[in-house]
Amino acid sequence: MKMVSVFLVALFLIGFWDQTNGGRPIHRHLSSNGLGKTPQMGWNSWNHFGCNIDENIIRGTADAMVSTGLSKVGYEYVNIDDCWGELNRDAQGNLVAKASTFPSGMKALVDYVHSKGLKLGIYSDAGYYTCSKTMPGSLGYEEQDAKTFASWGIDYLKYDNCFNNGTNPQERYPKMSEALSNAGCPIFYSMCEWGDQNPATWGPKIANSWRTTGDIQDNWDSITSRADQNDQWAAYAGPGGWNDPDMLEVGNGNMSTVEYRSHFSIWALMKAPLLIGCDIRSATSETLEILSNSEVINVNQDPLGVQGKKVSQQGDLEVWAGPLSNNRVAVILWNRSTSQDAITANWGAIGLPSDAIVQARDLWAHSYLPSDLQGSLTSTVDSHDVKMYILTLSSG
């Protein structure tokens with residue numbers, strides 16, 4: 001059996017990725033706050049609860065993050081989205097937690113979440129109001145609000161883009177970045193600019209992640225379109241800063257198990273944030289099985305930090321792939337059609353020499369294919385489903 005050197009495969013992978021990024025250099029971002037070396041993992045309240053949140057939901061979610069084992073596989077942020085605050089600031093101009101829904105206050109809630117070994121995130125807006133218009137935004141109050149968040153012990157800020165009077169986001173978002181840097185403790189900065197002004201091209205200088213799309217919805221068209229929109233910015237992601245096609249819908253009930261498996265697999269390969277959007281307190285075993293697949297999560301959290309991409313397609317039959325550490329390759333065969341079909345990943349499309357002999361690990365079956373492969377990988381994939389593999393050079 002002909003052996004292919006690890007060094008040669010590494011060169012092929014590097015050349016492949018430069019080509020698929022349009023010849024641009026692969027971006028490597030090391031944020032000054034030291035956070036986001038891998039994509040963030042956690043939970044956010046918006047997709048399931050919207051404005052119907054209170055401190056009991058947040059406490060219960062933190063409890064469930066631990067009891068379900070999700071915290072053990074890497075989920076660490078419990079993020080409160082919009083509608084947590086009073087409509088008006090206090091006499092000193094500070095943001096105030098809503099007394100009717102968060103009567104214990106944010107500092108007590110932070111302490112509780114921290115006691116579970118988790119981190120608490122919060123939400124504000126780079127405008128005059130948040131998107132719900134039920135509480136003030138932080139435009140013009142960046143330094144004060146950042147210090148307030150730090151005083152509470154907040155670990156994460158999602159920063160939205162509503163009610164800004166049309167002012168330039170490239171002027172508004174850096175102000176909060178600087179304020180967070182001056183706040184005295186590291187706070188993960190998640191820009192929710194909706195991809196309006198191509199934030200992948202300027203976000204890496206100021207943030208740990210940046211939204212590349214509009215809001216996600218719990219349906220197939222939304223998932224596929226956001227994957228495609230996010231794909232074009234792959235060159236700009238890397239350790240310290242990540243493209244964000246919005247949060248996960250897995251478990252919210254409007255899609256099938258195979259569609260949620262596709263959603264989770266593609267988000268993992270794209271090095272997207274893995275932010276759960278369902279009610280994990282009542283999540284089904286099928287939902288938890290998807291969300292806690294450590295083999296898929298390990299692709300997302302791989303230290304090489306290269307975003308996987310769509311590398312070939314025939315109609316609605318697609319191959320997505322990306323290099324991993326230790327000269328491995330992650331591959332997804334994605335069937336976006338309405339019927340079962342066979343999909344082939346050719347070595348040339350995913351950056352391997354044609355004579356490379358590999359061992360393939362199926363990440364959803366949790367097993368190796370029975371024989372080594374050379375030249376290509378073919379599998380039959382159900383409608384709207386995926387097959388996901390890690391390819392490793394065979395040792396003999």
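Owing to the predicted nature of the structure, the values given are computational and were not obtained by experimental measurement. Residue indices follow the written sequence of each chain, beginning from 1 at its first position. Given that this is a predicted model, residues contribute local features only at a pLDDT of at least 70 and side-chain atom pairs are listed and counted only at 80 or more, while totals for whole chains, interfaces and linings are drawn from all residues. Remark: hydrogens and water are excluded; side-chain values derive from all non-hydrogen atoms of the structure.

Notes on the pairing of strand 3 (residues 119-125)
Formally: For each residue, the accessible area found with a 1.4 Å probe, counting protein chains only, is set against the maximum for its type, and the residue is called buried under 20%, exposed over 50%, and partly exposed in between. Labels follow the DSSP assignment, with helices taken as runs of H or I lasting at least four residues and strands as runs of E lasting at least two, numbered in each case from the N terminus. One bridge is not enough; two strands pair if DSSP finds at least two bridges between them. Clockwise travel from the first strand over the helix to the second, with the strands pointing away from the viewer, marks a crossover as right-handed.
Across the seven residues that make up strand 3, a large majority, six, are buried. Note: strand 2 (residues 77-79) against strand 3, three bridges, orientation parallel. When the bridges of strand 3 are listed, Asn79 appears paired with Gly121. At this point the chain moves from strand 2, through helix 4 (residues 106-115), to the parallel strand 3, and the crossover so formed is right-handed. Bridge analysis of strand 3 against strand 4 (residues 156-160) gives five bridges, and the strand direction is parallel. Bridge pairing links Gly121 to Tyr156 in strand 4. Running through helix 5 (residues 142-152), the crossover from strand 3 to the neighbouring parallel element strand 4 is right-handed.

Thoughts on the domain arrangement of the protein
Put simply, the rule is: As used throughout, domain bounds are those supplied by an automatic or database domain assignment. Contact criterion: two residues are considered in contact whenever any of their non-hydrogen atoms come within 4.5 Å of each other. As a working definition, buried area equals the accessible area (1.4 Å probe) given up by two parts on being put together, with both sides summed. A side-chain nitrogen of Lys or Arg and a carboxyl oxygen of Asp or Glu constitute a salt bridge if their distance falls within 4 Å. What qualifies as a polar contact is a pair of N or O atoms within 3.5 Å, subject to a donor-acceptor requirement within protein and to the restriction that residues adjacent in sequence count only when both atoms come from side chains. Residue polarity is assigned by list, with Asp, Glu, Lys and Arg as charged and Ala, Val, Leu, Ile, Met, Phe, Trp, Tyr, Cys and Pro as nonpolar; anything else, Gly included, falls into the polar class.
Examined at the domain level, the protein breaks down into domain 1 (41-301) and domain 2 (309-393). If you average the C-alpha positions of domain 1 and of domain 2, the two centres end up 31 Å apart. If you look at the interface, domain 1 gives 22 residues, while domain 2 gives 21 residues. Summing both partners gives a buried area of about 2,000 Å² for domain 1 against domain 2, and 64% of it is carried by carbon and sulfur. The tally of links from domain 1 across to domain 2 stands at five salt bridges. The salt bridge partner of Asp385 is Arg261, with a shortest N-O separation of 2.7 Å. Counting every contact that joins domain 1 to domain 2 gives 12 residue pairs in polar contact (both at pLDDT 80 or more). Secondary structure elements with two or more residues in the side of domain 1 that touches domain 2: helix 7 (220-231), helix 8 (257-269), helix 9 (285-291) and helix 10 (294-300). Per element, the largest residue contribution to the side of domain 1 that touches domain 2 is eight residues, and it comes from helix 8. For the side of domain 1 that touches domain 2, the per-class residue count stands at 11 nonpolar, four polar and seven charged.

Re the nonpolar core
Spelled out, the test is: To define a nonpolar core, start from buried Ala, Val, Leu, Ile, Met, Phe, Trp, Tyr and Cys residues and group those joined through side-chain atoms within 4.5 Å.
Core analysis: the largest hydrophobic core is formed by 84 residues, its most contacted members being Tyr75, Trp84, Phe264 and Trp267. Per element, the largest residue contribution to this core is six residues, and it comes from helix 8. Counting residues domain by domain, this core receives three or more from each of domain 1 (41-301) and domain 2 (309-393). With near-sequence residues (within four places) excluded, Tyr75 lies in contact with Met41, Gly42, Met65, Leu70, Leu118, Phe264, Leu274, Ile276, Leu291 and Ile297.

Let's talk about helix 3 (residues 55-67)
Test applied: The span expected for a helix works out to 1.5 Å for each residue beyond the first.
In this model helix 3 runs 18 Å from its N-terminal to its C-terminal C-alpha over 13 residues, within 8% of the 18 Å that 1.5 Å per residue would give. Among the residues of helix 3, those classed as buried are Glu55, Ile57, Ile58, Gly60, Thr61, Ala62, Ala64 and Met65. In this structure, the buried residues of helix 3 make contact with strand 1 (41-44), helix 2 (46-49), strand 2, helix 4 and strand 3. Its side-chain oxygen placed 2.9 Å from the backbone nitrogen of Asn56, Asp54 serves as the N-cap of helix 3. The positive-phi residue at the C-terminal boundary of helix 3 is Gly69, with phi of around 85°.

Overview of a nonpolar patch on the surface
Keep this limit in mind: Only residues above 30% relative accessible area that lack a salt bridge enter a patch, with like-charged residues linked at up to 9 Å and the nonpolar side chains Val, Leu, Ile, Met, Phe, Trp and Tyr linked at up to 5 Å. In these tables, accessible area is a Shrake-Rupley quantity obtained with a 1.4 Å probe, and a residue counts as shielded only by the protein chains included in the view.
Together, Leu87, Tyr128, Tyr129 and Phe163 make up an exposed nonpolar region whose accessible area comes to about 370 Å². Along the polypeptide, Leu87 turns up in the loop between strand 2 and helix 4.

A look at the pattern of salt bridges
Summed over the entire model, instances satisfying the criterion amount to 16 salt bridges. Between Arg89 and Asp145 there is a salt bridge; the shortest N-O distance is 2.8 Å. Of the two residues, Arg89 sits in the loop between strand 2 and helix 4 while Asp145 sits in helix 5, which places them 56 residues apart along the sequence. In terms of burial, Arg89 and Asp145 fall into one category: buried. Among the salt bridges present, the one from Arg281 reaches Asp279, with a minimum N-O distance of 2.9 Å. Arg281 gets classed as partly exposed once you look at its relative accessible area, which sits at 42%. Through salt bridges with shared partners, one network takes in Asp228, Lys310, Glu318 and Arg336.

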